[in-house]
2 protein chains.
Amino acid sequence: MPKSLPTKRLESLPKNAKRVFNGVIFDVYHWKQKMYDGSTATFEKIVRPDTVEALATVGKKIIILDQQQPNLTQEKVTLPGGRADQHHNPLVEAQRELLEETGFISSDWQLLHTESPPDSKVMYSMHYFIARNCKKVAKSRLDVGEKIKSRLVSLEQLLRLSDSPRFWVGPWFLQELLRMRLDPKRKEKFRRLLFPGALADHDG
Amino acid sequence: MPKSLPTKRLESLPKNAKRVFNGVIFDVYHWKQKMYDGSTATFEKIVRPDTVEALATVGKKIIILDQQQPNLTQEKVTLPGGRADQHHNPLVEAQRELLEETGFISSDWQLLHTESPPDSKVMYSMHYFIARNCKKVAKSRLDVGEKIKSRLVSLEQLLRLSDSPRFWVGPWFLQELLRMRLDPKRKEKFRRLLFPGALADHDG
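Rules of the game
- Residues numbered from 1 in each chain as written.
- Chains lettered and ligands numbered in written order.
- Predicted model: local features only at pLDDT ≥ 70, side-chain atom pairs only at ≥ 80, totals over all residues.
- Heavy atoms only, no water.
- Least-squares fit on C-alpha atoms with pLDDT ≥ 70 in both.
- Contact = heavy atoms within 4.5 Å.
- Helix = DSSP H or I, 4+ residues; strand = E, 2+ residues; numbered from the N terminus.
- Buried < 20%, exposed > 50% of the residue type's maximum accessible area, 1.4 Å probe, protein only.
- Arc of directions from axis to C-beta.
- Polar contact = N/O pair within 3.5 Å; in protein donor to acceptor, adjacent residues only side chain to side chain.
- Pairing = 2+ DSSP bridges.
- pLDDT = per-residue confidence, 0-100.
- Buried area = accessible area lost by both parts, 1.4 Å probe.
- Salt bridge = Lys/Arg side-chain N within 4 Å of Asp/Glu carboxyl O.
- Nonpolar A, V, L, I, M, F, W, Y, C, P; charged D, E, K, R; others polar.
- Phe/Tyr/Trp six-rings, centres within 6.5 Å; stacked < 30°, edge-to-face > 60°.
- Lys NZ or Arg CZ within 6 Å of the ring centre and 35° of its normal.
- Core = buried A, V, L, I, M, F, W, Y, C linked by side-chain atoms within 4.5 Å.

*Asks:* Describe in detail the relation of the copies chain B and chain A, supporting the description with residues and values.
*Replies:* What connects the two chain copies is a rotation about an axis and a shift along it. Overlaying chain B with chain A gives an RMSD of 0.0 Å, the required rotation being 180° about an axis along which the chain moves by 0.0 Å. The symmetry that links the two subunits is that of a two-fold axis. Comparing interface residues between copies, 100% of those in chain B also sit at the interface in chain A, which points to an isologous, same-surface contact.

*Asks:* Lay out the environment of S120(B) with the relevant residues and their values.
*Replies:* Within the secondary structure, S120(B) sits in the loop between β9 (108-115) and β10 (122-123). Here the alpha-carbon distance between S120(B) and I46(B), two residues 74 residues apart in the chain, equals 9.1 Å. The residues contacting S120(B), other than those within four sequence positions of it, are W168(A) and K45(B).

*Asks:* Could you give an account of helix α5 (residues 184-194) of chain A, with specific residues and numbers?
*Replies:* All names here are of chain A. Those residues of α5 lying buried are K187, E188, F190, R191 and L194. In an axial view of α5, the angular spread of the buried residues amounts to 160°, which keeps them on one side of the axis. In this structure, α5 carries K185, K189 and R192 as exposed residues pointing more than 90 degrees from its buried face. Taken together, the buried residues of α5 touch β4 (51-58), β5 (61-68), β9 (109-115), β11 (126-131), α3 (155-161) and α4 (171-182). Regarding α5, its N-cap is D183, as a side-chain oxygen of that residue lies 3.0 Å from the backbone nitrogen of K185 further along.

*Asks:* I'd like a rundown of the sheet that holds β10(B), residues and numbers included.
*Replies:* Think of a sheet as strands paired side by side through backbone hydrogen bonds, with each pair either parallel or antiparallel. Residue and element names in this part refer to chain B. Taken together, 4 strands build an open sheet; the order of strands is β1-β2-β3-β10 and the sheet is mixed. Since the sheet does not close on itself, it has two edges, and those belong to β1 (18-22) and β10, each with one partner. As defined by bridge partners, β1 adjoins strand β2 (residues 27-34) across 4 bridges and the pair is classed as antiparallel. Looking across to β2, one finds that F21 is bridged to V28.

*Asks:* Tell me about the confidence of the model for chain A, and name the residues and values.
*Replies:* Confidence along chain A averages 89 in pLDDT terms, with 90% of residues attaining 70 or more. Complex prediction metrics read pTM 0.84 and ipTM 0.80.

*Asks:* For the interface of chain B and chain A, give the residues involved together with the corresponding values.
*Replies:* Chain B puts 46 residues into the contact, and the matching count from chain A is 46 residues. Summing the contributions of chain B and of chain A, the shared interface buries around 3900 Å²; its carbon and sulfur component is 67%. Linking chain B with chain A are 2 salt bridges, by the criterion used here. Of the charged contacts, one joins D163(A) and R179(B) as a salt bridge, the two residues approaching to 2.6 Å between their closest N and O atoms. Viewed at the interface, chain A and chain B are joined by 10 residue pairs in polar contact (both at pLDDT 80 or more). The set of elements that each furnish at least two residues to the side of chain B that touches chain A consists of β1, β2, β3 (40-47) and α4 (171-182) of chain B. No other element matches the 6 residues that α4(B) contributes to the side of chain B that touches chain A. Within the side of chain B that touches chain A, the residues separate by chemical class into 20 nonpolar, 13 polar and 13 charged.

*Asks:* Tell me about the packing of aromatic side chains, residues and numbers included.
*Replies:* In the structure shown here, the tally under the stated rule is 13 aromatic pairs over all chains. Measuring from centroid to centroid gives 6.2 Å for W172(B) and F173(B), while their planes differ by 40°, and the two rings are tilted. For the pair W172(B) and F173(B), one class covers both residues: buried. Joined through ring pairs, the aromatic side chains of Y128(A), W172(A), F173(A) and F190(A) make up one cluster. Above the ring of Y124(B), the side-chain terminus of R48(B) is found at 4.4 Å from the ring centroid. Its guanidinium or amino end placed over the ring of Y36(A), K147(B) lies 4.5 Å from that ring's centre, counting from NZ or CZ.

*Asks:* So, the nonpolar core: which residues are in play, and what are the values?
*Replies:* Grouped together as the largest cluster of nonpolar side chains are 60 residues, with contacts concentrated most on L55(A), L158(A), F173(A), L55(B), L158(B) and F173(B). Those residues in contact with L55(B), other than ones at most four positions away along the chain, are I62(B), L79(B), L112(B), F129(B), I130(B), A131(B), L158(B), F173(B), F190(B) and L194(B).

Take a look at the structure:
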């Protein structure tokens with residue numbers, strides 16, 4: 001599995017940053033940073049591949065996954081997605097992950113949000129996509145490190161998952177679910193984004 | 001600055017894990033992991049020092065910080081706290097950070113929550129403490145890599161900060177603020193925890 005990193009990640013490191021460790025997932029960079037008193041200190045950042053997550057719809061439902069992985073003690077619930085470590089384009093990676101994990105494809109993709117803590121010590125972005133009207137075209141084709149079952153939930157069920165400790169999504173999306181619960185208008189806007197043709201009735 | 005790591009962090013790594021990189025903040029560990037088809041793969045995790053954050057109260061207000069750091073493009077708003085990299089005990093670290101960053105001490109500390117993603121690839125815990133009835137005993141004593149001003153906000157103002165992109169706190173606490181906005185009982189419980197003697201009137 002090649003570890004390809006978007007060029008922009010590396011561009012946001014200082015020019016004098018040097019890679020001091022080249023790992024399976026993580027690379028470590030060091031540089032000398034001038035401090036407020038004129039002294040210098042060694043600064044350190046981790047660069048890792050971006051991740052992608054898909055809000056994939058089938059009819060008026062959303063695909064979620066029940067996942068087991070080696071070295072995980074408890075099953076987790078996620079959206080389709082994973083590490084974008086095979087291609088520079090996050091959309092291509094999201095399409096690959098959705099197909100591999102669920103066997104579904106969509107011809108109607110849209111970038112919902114990119115979350116990239118600008119000053120974090122672990123540098124990467126999380127890309128959230130919407131994939132509308134998905135069609136099953138294949139069996140899921142799982143990695144040897146994955147045990148995954150997919151199922152469909154309503155938007156109301158997805159919102160309630162934000163209370164479950166087993167629900168693993170990026171921090172931005174979990175916060176967004178809580179914000180939708182705080183603000184019905186925000187929720188209905190999201191519902192129309194996921195299901196453009198649907199009425200705003202409650203289906204959960 | 002010594003990088004001391006709680007022993008329990010390392011104990012939760014597989015027994016055959018070996019340190020392959022020893023950094024300023026981050027260490028990298030590798031081990032062979034058996035996959036579902038019987039093959040093995042190299043797994044990788046990062047270990048880093050825990051962090052501490054303090055909900056420090058003065059009267060009916062909470063201390064927050066406006067922070068600049070070298071290499072940060074924008075000022076951020078945080079709670080007092082930082083990396084627990086000098087002592088194994090998170091409480092001692094939280095007390096040190098509060099004193100250094102604000103000059104305040106408290107004789108009434110309580111652990112509010114420890115957030116430790118159990119299966120994350122970057123292993124560390126975030127400890128949230130309550131420090132009640134703080135008293136100013138010194139000037140703030142800042143690191144050469146910090147520019148910090150402290151100010152006091154009400155609980156209502158803290159809750160509203162959860163909408164600000166400049167507000168940097170651990171994911172658990174940000175979610176908790178949103179959950180308090182969703183549930184007035186949760187908010188009032190937190191208010192009584194911060195200000196045990198106070199009436200539940202709105203002060204923001």
